[in-house]
Amino acid sequence: MGSKSDQPHADKIAEILAKFGVKSELYVASAHKVPELCLDIVNDFNKSDEPIVYITMAGRSNALSGFVAANSVHPVVACPPFSDKADYLINIHSTLNMPSDTPSMTVVDPQNAAMAVLRILALTDKKLKKVMAEHIRNVKEKFNQ
């Protein structure tokens with residue numbers, strides 16, 4: 001998160017991941033105000049052999065997503081928070097406009113951001129892949145009722 005004010009947005013995502021048995025960790029580190037802290041966090045995770053996917057959330061001028069993507073060997077999903085339509089327009093534009101070699105995928109909805117991460121992790125986790133397949137079947141069944 002770019003700031004503590006992003007906590008409710010992060011909590012929505014963490015709840016969904018937890019429902020599927022996926023551990024998440026929440027950090028607050030502004031790429032503008034404390035880039036050293038951001039880099040320390042990313043560098044620590046770069047050393048890990050665990051499958052990792054970042055979900056970055058930062059409003060206004062979203063440097064966080066690009067900063068993490070530029071320094072990480074892991075995928076980055078940007079999920080910018082917004083409070084109203086004007087805020088959305090500012091946040092989405094700063095999230096979508098990333099420099100070259102900073103691949104940050106943008107997903108606006110917190111639930112879909114969590115679902116994207118789950119599917120990325122399911123590429124190498126057979127148990128999670130089965131859980132996701134069951135979830136998709138359940139969604140389809142509910143839709144057809």
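Note: the structure precedes this text.
A short tour of the structure in this document, coming up. (Residues numbered from 1 in each chain as written. Predicted model: local features only at pLDDT ≥ 70, side-chain atom pairs only at ≥ 80, totals over all residues. Heavy atoms only, no water.)

1. Observations regarding the pattern of salt bridges
Under the criterion given, the structure shown has two salt bridges. A salt bridge links K23 to E25; the shortest N-O distance between them is 3.2 Å. On the basis of relative accessible area, K23 is assigned to the exposed category, the value being 67%. In this structure, the salt-bridge partner of R137 is E134, at a minimum N-O distance of 2.8 Å. Pair noted here: R137 and E134 are both in helix 6 (residues 126-144), with a separation of three residues, about one helical turn. In this structure R137 comes out as partly exposed when scored by relative accessible area, which is 43%. (Salt bridge = Lys/Arg side-chain N within 4 Å of Asp/Glu carboxyl O. Buried < 20%, exposed > 50% of the residue type's maximum accessible area, 1.4 Å probe, protein only. Helix = DSSP H or I, 4+ residues; strand = E, 2+ residues; numbered from the N terminus.)

2. A closer look at helix 3 (residues 63-71)
Every buried residue belonging to helix 3 is among L64, S65, G66, F67, V68 and A69, and all of these are buried. Its side-chain oxygen 3.3 Å from the backbone nitrogen of L64, N62 forms the N-cap of helix 3. (Polar contact = N/O pair within 3.5 Å; in protein donor to acceptor, adjacent residues only side chain to side chain.)

3. Some remarks on the layout of surface pockets
In this structure, the largest pocket occupies an estimated 930 Å³ of space. Forming the walls of the largest pocket are 36 residues, and the residues nearest its centre are K23, S24, E25, I52 and V53. If you list the elements that add at least two residues to the lining of the largest pocket, you get helix 1 (7-19), helix 2 (35-46), strand 1 (54-56), helix 3, helix 5 (110-122) and helix 6. Considering only residue class, the lining of the largest pocket consists of 27 nonpolar, four polar and five charged. (1 Å grid on protein atoms, 1.4 Å probe; cavity = no way out; pocket = protein on both sides within 12 Å on 5 of 7 lines; lining within 4 Å. Points joined across faces, edges and corners; volume = space filled by probe spheres on them. Nonpolar A, V, L, I, M, F, W, Y, C, P; charged D, E, K, R; others polar.)

4. So, the packing of aromatic side chains
Going through the model one piece at a time under the given rule, you end up with three aromatic pairs. Relative to Y54, the ring of F45 lies with its centre 6.0 Å away and its plane at 90°, an arrangement referred to as edge-to-face. Clustering of aromatic rings is evident, with ring pairs tying together Y27, F45 and Y54. (Phe/Tyr/Trp six-rings, centres within 6.5 Å; stacked < 30°, edge-to-face > 60°.)

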